[in-house]
Amino acid sequence: MTHHALFHTLHQLSRQLTKQLNEALKPLGLYSSQWSVIYVLHTKGSITQKELCEYLFVEAPPMTRTIQRLVKQGYVRQIPGEDKREKYIQLTEDAIKEFPKWENAVSECNQALLTNFPQSSQQELARLQGLWLKELL
C-alpha cells in the first residue's frame, strides 16, 4: 500500500465514522463536533476554549462556531477568565441531564460499527493509533 493510499483510506474511514455518528446524534439535536466538545467537558470539567482547541486539534474559528451553537442550545456556558481574551467553557445542568442519552446513542453507534470487526483487531488498532498519535505529539 502506498502512503497516498494509506492516508486516503484513513481519511475515508474518518469521514464515514463521522457521518455515522452524525446520523446517530441527529435525532438528539447534536452533531459529532458538538459531541466531542461535550464529551471532553464531561471528562475534564471546565477548561479554556484554547485548551479545547489544542486537545481536539481544531482551529479557533470552527471551535468558536461549535461553542456558540452549544451556548444557544443551552448546553454550555462561557465564563470569562482573568485575561479578557480567555474564556472557560463548562457544561450546563441541562447538558449534564442529557449526557446519558447522548452517550447511549454514541455507544450504540460505536457498537454497531464494530459488529463485524474482531476484538483482537480492535485492540491492535487501538494500540497502533495510540502509538502513532503519541509520535505525532
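Residues numbered from 1 in each chain as written. Predicted model: local features only at pLDDT ≥ 70, side-chain atom pairs only at ≥ 80, totals over all residues. Heavy atoms only, no water.

Before going further, it helps to examine the overall build of the protein chain. Of the regular secondary structure elements, the protein chain holds six helices and three strands. The secondary structure elements of the protein chain, listed N-terminal to C-terminal, are α-α-β-α-α-β-β-α-α. When its C-alpha atoms are laid out on the principal axes, the protein chain stretches across 50 × 30 × 20 Å. Of all 137 residues assigned to the protein chain, the portion counted as buried reaches 22%. The contacts in the protein chain between residues at least 6 apart in sequence include a share of 47% that link residues at least 24 apart. (Helix = DSSP H or I, 4+ residues; strand = E, 2+ residues; numbered from the N terminus. Buried < 20%, exposed > 50% of the residue type's maximum accessible area, 1.4 Å probe, protein only. Contact = heavy atoms within 4.5 Å.)

What follows deals with the packing of aromatic side chains. Overall, the coordinates contain four aromatic pairs when judged by the stated rule. When the centroid spacing of 4.8 Å and the interplanar angle of 80 degrees are considered together, the rings of Y75 and W102 count as edge-to-face. Taken as a pair, Y75 in the loop between α4 (60-73) and β2 (76-80) and W102 in helix α5 (residues 93-114) lie far apart in primary sequence, 27 residues in all. Neither residue differs from the other here; Y75 and W102 are each classed as buried. Through a chain of ring-to-ring contacts, three or more aromatic side chains come together here, namely W35, Y39 and F99. (Phe/Tyr/Trp six-rings, centres within 6.5 Å; stacked < 30°, edge-to-face > 60°.)

The next subject is a nonpolar patch on the surface. Together, L6, F7, L10, F57, W132, L133, L136 and L137 give the surface a local cluster of nonpolar side chains, amounting to about 830 Å² of exposed area. Elements that contribute at least two residues to the nonpolar patch include exactly α1 (3-25) and α6 (119-136). Note on placement: L133 falls in helix α6. (Patch = residues over 30% accessible without salt bridge, like charges linked within 9 Å, V, L, I, M, F, W, Y side chains within 5 Å. Areas by Shrake-Rupley, 256 points an atom, 1.4 Å probe, with all protein chains shown as cover. Salt bridge = Lys/Arg side-chain N within 4 Å of Asp/Glu carboxyl O.)

Looking now at the pattern of salt bridges. Applying the stated criterion across every chain, the model contains four salt bridges. Between R85 and D83 there is a salt bridge, with its nearest N and O atoms 3.0 Å apart. K101 is the salt-bridge partner of E98, the closest N and O atoms lying 3.5 Å from each other. Of the two residues, E98 and K101 both sit in helix α5, three residues apart, roughly one turn of that helix. Exposure remark for E98: the relative accessible area of 25% places this residue in the partly exposed category. Residue K101 is classed as partly exposed on the basis of its relative accessible area, which comes to 48%.

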